[in-house]
Amino acid sequence: MPTFNQIPRTISAWILLWMACVGTSQAADSPLTADRQQELKKIQMQGVNFLKNSQLEDGLWTTETVPGISALVTTALLESGVPASDPVVAKALKRLEGYVQKDGGIYYEKSNHRNYETCISIMAFHAANKDGRYNSTIKNAEKFLRGLQWDEGEGIESSDTAYGGAGYGGHSRPDLSNTQFLIEALKKAGAKADDPAIQKALVFVSRTQNLESEYNTTPFASKIDDGGFYYTPAAGGTSQAGKTPDDGLRSYGSMTYAGLKSMIYAGVNEDDKRVKAANEWIRRHYTLKENPGMELMGLFYYFHTFAKALDAMKVDQFKDAEGTQHNWRAELIEQLASLQQENGSWSNKQKRWYESDPNLATAYALLALSYCQPAK
């Protein structure tokens, strides 16, 4: 396979055909102008071209010990319109099948990230499952995930701050990032909003919000009370954005969008105080220049959760606290276009959470862009 510096600058014939097909399927009442739609197609396919050329000979991306990256890339390609029959995607799916374990999980055998890797793999297989060939793989993985969730099976009561959450899948405490992936994976596997596992997860998600209510009576709830979300209230509580002097856990952007999206997936309606408070936090901190509260750390993860949450809210225009209306899809396309590298990839100069890896950052960017497609 070519190296990153050898990736062709021109877009191949199949890409041009893909662009034409997508263009004919887009709704006439799209929130995007024709020029913005063309820009979307262009940067998507440049990103796709990069990932197709950066695949390793064994069908993976980056490393065999972190299959979550390869599963995320595969999902991004599929959600960007590349068919499961495409040689690159077919090779990746076949390789991911090799990570299916006897317990139903889909992970690297020595991994401590079994929940994360299984969740992302479910998303990849679901996106490729047009003919039902992965039905049993998905169902077995779903059963595995349900067994990882922190609940009565771990000997804890519903009052425990870990209850309902999901961690990486080792013995560490649960967190909102892994829990949002759990909810989404269960949803992809066919679980409804009222599914017991999703409702248990909602208990945990509600406790990661800086909002004192009947849903959250943790010691952290009233210390900031700004409606945003943080990483975890379990095991003493952690926010990647740090603490206030009185040990309040600071809210930040990626977790707030993840928390809001998870609540919507769990059936919480727009009139609920939790959703209203999260929406107000987003209105006060709306930006695509950074991950609010974290600067550039986790920026591409942020773009991903930003797009999914606003898509779940079913809004084309989002009004910030200053009263400015934002066409979030158009703004996201513009921002990602400005950050794209000449070879079609994206990467974060802030290395935390592996986002300096262009495969991972490009996968996040393409997944975010997939929610900008008018026919999504």
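Fair warning: this is a prediction, and the values are worked out from it, not measured in the lab.

1. Some points on the overall build of the protein chain
Here is step 1: The number of helices and strands found in the protein chain is 14 helices and two strands.
Here is step 2: In summary, the protein chain has a C-alpha radius of gyration of 20 Å against a globular reference of 21 Å for 376 residues, a match within 12%.
Here is step 3: Counting across all 376 residues of the protein chain, residues that qualify as buried make up 55%.
Here is step 4: Restricting the contact set of the protein chain to residue pairs at least 6 apart, pairs at least 24 apart contribute 65%.
Here is step 5: Summing over all exposed atoms, the protein chain offers an accessible surface of approximately 15700 Å²; the carbon and sulfur share of this is 48%.
Here is step 6: One way to put it: in the protein chain the 40 positive side-chain charges average out to a point 3 Å from where the 44 negative ones average out.

2. Considering the side chain of S111
Here is step 1: Within the element layout of this structure, S111 appears in the loop between helix 4 (87-97) and helix 5 (114-127).
Here is step 2: A distance of 2.8 Å separates a polar side-chain atom of S111 from the backbone nitrogen of H113.

3. What about the layout of surface pockets?
Here is step 1: The calculated volume of the largest pocket comes to roughly 540 Å³.
Here is step 2: Looking at the largest pocket, it is lined by 25 residues, and the ones nearest its centre are Y116, Y168, W353, Y354 and Y364.
Here is step 3: Looking at the lining of the largest pocket element by element, the count peaks at three residues for helix 7 (residues 176-188).
Here is step 4: Among the residues making up the lining of the largest pocket, the classes are represented as 14 nonpolar, nine polar and two charged.

4. Things to note about empty space enclosed by the protein
A probe as big as a water molecule, rolled over the atoms, marks out the empty space that is left.
Here is step 1: Summed over the entire model, instances satisfying the criterion amount to two cavities of 30 Å³ or more.
Here is step 2: Reported here for the second largest cavity is a volume of approximately 40 Å³.
Here is step 3: Lining of the second largest cavity is provided by L72, T75, I120, M123, F181, H304, K308 and L367.
Here is step 4: For the lining of the second largest cavity, the residue count by class is five nonpolar, two polar and one charged.

5. A look at helix 4
Here is step 1: Those residues of helix 4 that sit buried are V88, V89, A92, L93 and L96. Buried residues in helix 4, looked at end-on, bunch into an arc of 130°, giving them a common side. Summarising the geometry of helix 4, the exposed residues directed more than 90 degrees from the buried face are P87 and K94.
Here is step 2: Each element contacted by the buried residues of helix 4 is listed here: helix 2 (34-54), helix 3 (67-79) and helix 5.
Here is step 3: At the N-terminal end of helix 4, a side-chain oxygen is found 3.0 Å from the backbone nitrogen of V88, two or three residues along, and the residue is D86.

6. Side note on the packing of aromatic side chains
Here is step 1: Counted by the stated rule, this structure contains 14 aromatic pairs.
Here is step 2: Taken together, a centroid distance of 5.4 Å and an interplanar angle of 85° make the contact between F300 and F303 edge-to-face. In this pair, F300 and F303 are both assigned in helix 12 (residues 299-312), three residues apart and thus about one turn of the helix distant. Like F303, F300 is buried.
Here is step 3: A ring pair is formed by Y302 and F306, whose centres lie 6.0 Å apart and whose planes are at 50°; its orientation type is tilted. With a gap of four residues between them, Y302 and F306 both fall in helix 12, about one helical turn apart. In this structure, Y302 and F306 share a single accessibility class: buried.

7. Quick word on the nonpolar core
Here is step 1: Counting 102 residues, the largest nonpolar core has L77, F300, F303, F306, L332, L336 and W346 as its most contacted members.
Here is step 2: In terms of residue count, helix 12 provides more of this core than any other element does, ten residues in total.
Here is step 3: Not counting residues within four places of it along the chain, the set of residues in contact with W346 comprises I43, G47, F300, L336, L339, Q340, P358, A361, T362, A365, L366 and L369.

8. Comments concerning the packing of helix 3 against helix 14 (residues 358-370)
Between two packed helices, the angle of one axis relative to the other and the distance separating the axes together describe the packing.
Here is step 1: Between helix 3 and helix 14, the least distance of the axes is 8 Å, while the angle of their chain directions is 35°. The handedness of the crossing between helix 3 and helix 14 is left-handed. Residues I69, L72, V73, T75, A76 and E79 of helix 3 touch helix 14, and the partners they reach there are N359, L360, A363, Y364, L366, L367 and S370.
Here is step 2: Classifying every residue of the contact of helix 3 with helix 14 gives nine nonpolar, three polar and one charged.

9. Remarks on unusual backbone geometry
Here is step 1: A positive phi angle is found at D247, which is not glycine, with a value near 70°.
Here is step 2: Secondary-structure assignment places D247 in the loop between helix 9 (221-224) and helix 10 (253-265).
Here is step 3: Of note in this structure, W353 is not a glycine but carries a positive phi near 60°.

Procedures and definitions
Residues numbered from 1 in each chain as written. Predicted model: local features only at pLDDT ≥ 70, side-chain atom pairs only at ≥ 80, totals over all residues. Heavy atoms only, no water. Helix = DSSP H or I, 4+ residues; strand = E, 2+ residues; numbered from the N terminus. Rg over C-alpha atoms; globule rule 2.2 N^0.38 Å. Buried < 20%, exposed > 50% of the residue type's maximum accessible area, 1.4 Å probe, protein only. Contact = heavy atoms within 4.5 Å. Areas by Shrake-Rupley, 256 points an atom, 1.4 Å probe, with all protein chains shown as cover. Lys, Arg positive; Asp, Glu negative; His and termini not counted. Charge placed at Lys NZ, Arg CZ, Asp CG, Glu CD. Polar contact = N/O pair within 3.5 Å; in protein donor to acceptor, adjacent residues only side chain to side chain. 1 Å grid on protein atoms, 1.4 Å probe; cavity = no way out; pocket = protein on both sides within 12 Å on 5 of 7 lines; lining within 4 Å. Points joined across faces, edges and corners; volume = space filled by probe spheres on them. Nonpolar A, V, L, I, M, F, W, Y, C, P; charged D, E, K, R; others polar. Arc of directions from axis to C-beta. Phe/Tyr/Trp six-rings, centres within 6.5 Å; stacked < 30°, edge-to-face > 60°. Core = buried A, V, L, I, M, F, W, Y, C linked by side-chain atoms within 4.5 Å. Axes fitted to C-alpha atoms, helices over the stretch in contact; angles between N-to-C directions. Left-handed = near helix turned anticlockwise from the far one by under 90°.

Note that every value here comes from positions in space, so none of it alone points to a role or purpose.
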